[in-house]
Amino acid sequence: RSTVKLDRAKEFVPSGCVLVTAEDLSGSHSSYLRSLILSISKGDIDGSKLRFFQNNPDIIPAHMNRFLRWIGQHGDEVINRIRFEYPAAQFENTVTELRLVDTAATLMMTAHLLVSYAEACGAMTSVQSQGFLSHCYTAISTAVVASEAMSKDANPCVMHLEALFSLMDRGEIRLAENMKMYVAEFHDGFLSDQCAWLDADTIYAKVTKHYSRLNITFPLQERQLAVHLSDAQLIDVA
């Protein structure tokens, strides 16, 4: 990355992963692909297990510490396994975006290292490890496929059109059948020659309100959206 003066920007050494918990996640297509988006619905979380970890907050950091210490003690072995066993090929036919292939491969590589640690400390047998890895592969594959689909849906043009048609179906956006029938007090635009003439300010306000009700922040301001829609040849600005 460079600064606006084309100098080298300050770089930060990676120190872990970032977990973002937010219903209003927004950003560009590129930024979504740098993340693994996990959609959590009501009922997906086992409340009793969650309470167990909440009541025992030291369990995860303690085991994380022991796992990382084991990694440090087997550094050469771990480096060689990453170099020669990195499982990117397992996911190349699962998703098309290479960044998500790398995400999946990194998670699967971590799972392999985790079961090696578990076997070494007697927490798992080899049979249990194989079953665990099979579950991991299925879960990771499902997650990256869903994440890729969500990243495409996050395209602001797609978001805008989906909301527009949804609001039209629900009668919250009203279009007159033609210009003669258009009444500004009752309509948000009118139809003409297979096109729709829309009041841009009103439509944008209703679209953003629609996503606000869903706890989603629309990612673009109105002028930015107009540029994207124009570039996609979806609108002409009068």
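Calculation criteria
Residues numbered from 1 in each chain as written. Predicted model: local features only at pLDDT ≥ 70, side-chain atom pairs only at ≥ 80, totals over all residues. Heavy atoms only, no water. Helix = DSSP H or I, 4+ residues; strand = E, 2+ residues; numbered from the N terminus. Buried < 20%, exposed > 50% of the residue type's maximum accessible area, 1.4 Å probe, protein only. Contact = heavy atoms within 4.5 Å. 1 Å grid on protein atoms, 1.4 Å probe; cavity = no way out; pocket = protein on both sides within 12 Å on 5 of 7 lines; lining within 4 Å. Points joined across faces, edges and corners; volume = space filled by probe spheres on them. Pairing = 2+ DSSP bridges. Polar contact = N/O pair within 3.5 Å; in protein donor to acceptor, adjacent residues only side chain to side chain.

1. What to know about the overall build of the chain
When helices and strands are tallied, the chain shows nine helices and three strands. Tracing the chain from N to C terminus, the helices and strands come up as α-α-α-α-α-α-α-β-β-β-α-α. By residue count, 24% of the 238 residues in the chain fall in the buried class. Residue pairs at least 24 apart in sequence account for 54% of intrachain contacts in the chain once pairs closer than 6 positions are excluded.

2. Side note on the layout of surface pockets
Approximately 850 Å³ is the volume attributed to the second largest pocket. Considering the residues around the second largest pocket, the lining is formed by 25 residues, among which A196, L198, L234, I235 and D236 are closest to the centre. Counting residues per element, the ones that place at least two in the lining of the second largest pocket are α7 (156-169), β3 (195-198), α8 (200-213) and α9 (222-231). Examining the composition of the lining of the second largest pocket, we find that five residues originate from one element, α7, more than from any other.

3. Some details on the side chain of S147
For S147, the position within the fold is in helix α6 (residues 126-153). Contacts of S147, omitting those with residues within four sequence positions, involve S35, L36, I37 and L100.

4. Quick word on the sheet that holds strand β1 (residues 175-176)
Ordered in space as β1-β2-β3, the three strands form an open sheet in which the pairing is mixed. Both edges of this open sheet fall to β1 and β3, since each of them pairs with a single strand only. The sheet contact formed by strand β2 (residues 189-192) and β3 spans four bridges and is antiparallel. Bridging from a neighbouring strand, L191 pairs with A196 of β3.

5. Structural notes on the side chain of S141
With respect to the helices, strands and loops of the structure, S141 is situated in helix α6. Among the polar contacts made by the side chain of S141, one reaches the main-chain carbonyl oxygen of Y137 at a distance of 2.8 Å. The residues contacting S141, other than those within four sequence positions of it, are F91 and T94.

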